[in-house]
Every structure is written in structure tokens, then in C-alpha cells.
Amino acid sequence: MIDSALGDKIKYEVELTEYTSILRDRGDRGKVEELSKLRRISMDVLENAEVFHIGDMAEMIVPKFANRLNDFGVISPTNNKPIFRDRWVIPIKNKNNMVQNLVGYSNTADERYIYGKSKYYLRRDTLYGLEKLNLAYELGWAIVTEGITDTLSVRSLGVDNSFAMCGTHKSDKILSMLNRLRYGVIFIPDRDEAGVFAKKYWKTLRSITLNVHFQYKDIDEMLREDDNKELVMEYLNECVKYLVSREHMGQTCEAKEVTIL
């Protein structure tokens, strides 16, 4: 029974990944370039993350997968229509580079992010960016932000071993995953009430909390100004040096908090 369930999940992931690829191939590259300019996120990063755009809801209807759309979590249970319209769509993947869920982003809607309700996706226990997890383990450290666009902005600096919590919740599963890093984690929360909540619960064996400068609400906003990119990289490099120097072979070492000035 376990083997059967595992086989069903793998088949599902293959199908959702293929469905996502079809949607991306249909998408307008010009709209992705628009997002790149809007959020000052590198086009290379957006393309590597396989971000695409959905205009009309009908674009989400793929005949081959018509009977799977509810399982893929892209049909609203309230009106039975696709959930994305005029949104950039960001795939959330696992460490095997298979799509687990889709997230739609809009810079104008009241609800900026709409998360799909994929059959096997648990938002609370899934980091965005897990396709880079093995890289993080190889390097021994990672950067974790609150939101997906925060992580995409950090990756625009060339730091691929960066991930997003997709919120401020506490997850023992995610923290256990991060505790496997040899050196530790650099947490970059938003500068708001939710960020304060996140700092309270994001506790790993080895960590540094890097707060953005007081005039910015998050790292994404700070990195939209080119003059800040070199400064942020300097702080990140210092954080990494500190974590490496404080390696405690799996034992807890004191957490450190720094503000980018």
C-alpha cells in the first residue's frame, strides 16, 4: 500500500511538472521581462525559476490534464473556475526539481499571492526553492526569507542557496531540515510585526538574523535599489564568515542578530 501511494505521488509530480511546462511554453516572455523590471529581479533568475504569466483564465485549461486540474489545485472550489488570471505564476519544486504547487503573484490585486491547493502540497512544511537544497548542504549554509520574491531578489545577487518560508509560521520539519546544514542559516525576516513573530520561532542550531535597514520593509524592497546590492553582499559575506568560524559540529551555538546599516 505504501509503495502504491508513493507511486501515485511520483506520477502526480510528473504530471504536474509537465502541465506547468506546457503553461510556461504558452506564456508571454515579455510579461516575465515586465516583472523583471518591476521587481528588479534578474531575468536569468526568473527564467531559472521557470516563472511565467497567465493572462486569461482559459489559458490554464490543458485538454490532456482536464481531469487533473482539481488535483493540481488550480480550480476554485467556490466558482469552479481557474484560480489565476493576469498573474505571474511561480512553481514551487522539491529537491528533485519536480513541481509541487503553483503560486500566482499580482502587483495590483488586494491579494498579492494566491497559493494553489495542490494535492500533496503542505505550505507549512515546504520551503520555496528546494531544488537548490543539495547545493545548500554542499556549501553548508543557506539564506531563508519570508516571501518568494524576497528569495528571488537574493538569488539575483548570485546566492542560489536561498529559500523562502512562504510565511512566518513555525515548522519543526523545515527547522530540522535546516539543522542539517554544517554551518547554519542566515534568516532575513521582514521588518514588520509578522517579521518579529518569525524571529521568535525561526530557531535553528546555528543562525544569524540579518535585519534590513530601517527604511525598508523587506530585503526585496531594499535590493530594488542598485546602490544597496554591494552593501547587502558585504553583510552576507560577513555573516557566512561568522557561521563558518563558529562551527560547533552539530551542537547549538549562540544566535546572532545584525542590522544592515
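## Some points on the environment of Ser153
Inspection of the secondary structure assignment puts Ser153 in helix H5 (residues 148-155). Placed 146 residues apart in sequence, Ser153 and Gly7 show a C-alpha to C-alpha distance of 35 Å. Ignoring any residue separated from it by four or fewer positions in sequence, one finds Ser153 in contact with Ile41, Asp220 and Leu223.

## Details of the sheet that holds strand E2 (residues 87-93)
The four strands lie next to each other as E1-E2-E3-E4, forming an open sheet whose pairing is antiparallel. Of all strands in the sheet, those with a lone pairing partner are strand E1 (52-54) and strand E4 (113-115), marking the two edges. Across this sheet, the average inter-strand angle for adjacent strands is 35°, counted without regard to direction. Sheet strands in contact with helix H2 (residues 29-39) are E1, E2, strand E3 (99-105) and E4, and its direction is about 90° off that of E2. Packed on one face of the sheet, H5 meets E2, E3 and E4 and runs near 80° to E2.

## Concerning the packing of aromatic side chains
Scanning the entire structure with this criterion turns up eight aromatic pairs. Relative to Phe65, the ring of Tyr19 has its centre 6.2 Å away and its plane inclined at 80°; by these criteria the two rings are edge-to-face. Here Phe65 lies in the loop between E1 and E2 and Tyr19 lies in helix H1 (residues 2-26), a separation of 46 residues in the sequence. You can call Phe65 buried: its relative accessible area is 3%. Relative to Tyr113, the ring of Tyr105 has its centre 5.0 Å away and its plane inclined at 40°; by these criteria the two rings are tilted. A connected cluster of aromatic rings, assembled from ring pairs, spans Tyr12, Tyr19, Phe65, Phe72 and Tyr120.

## Quick word on the pattern of salt bridges
For the structure on display, the rule yields 16 salt bridges. A salt bridge links Glu18 to Lys64, with the shortest nitrogen-to-oxygen separation between them at 2.6 Å. Placement of Glu18 in helix H1 and of Lys64 in the loop between E1 and E2 is noted, with a sequence separation of 46 residues between them. The partner of Arg155 in a salt bridge is Glu131, with the nearest N and O atoms 3.3 Å apart. One end of the pair, Arg155, is in helix H5; the other, Glu131, is in the loop between E4 and helix H4 (133-139), and 24 residues separate them in sequence. Members of the salt-bridge network, linked through shared partners, are Glu15, Arg68 and Asp71.

Conventions adopted
Residues numbered from 1 in each chain as written. Predicted model: local features only at pLDDT ≥ 70, side-chain atom pairs only at ≥ 80, totals over all residues. Heavy atoms only, no water. Helix = DSSP H or I, 4+ residues; strand = E, 2+ residues; numbered from the N terminus. Contact = heavy atoms within 4.5 Å. Pairing = 2+ DSSP bridges. Axes fitted to C-alpha atoms, helices over the stretch in contact; angles between N-to-C directions. Phe/Tyr/Trp six-rings, centres within 6.5 Å; stacked < 30°, edge-to-face > 60°. Buried < 20%, exposed > 50% of the residue type's maximum accessible area, 1.4 Å probe, protein only. Salt bridge = Lys/Arg side-chain N within 4 Å of Asp/Glu carboxyl O.

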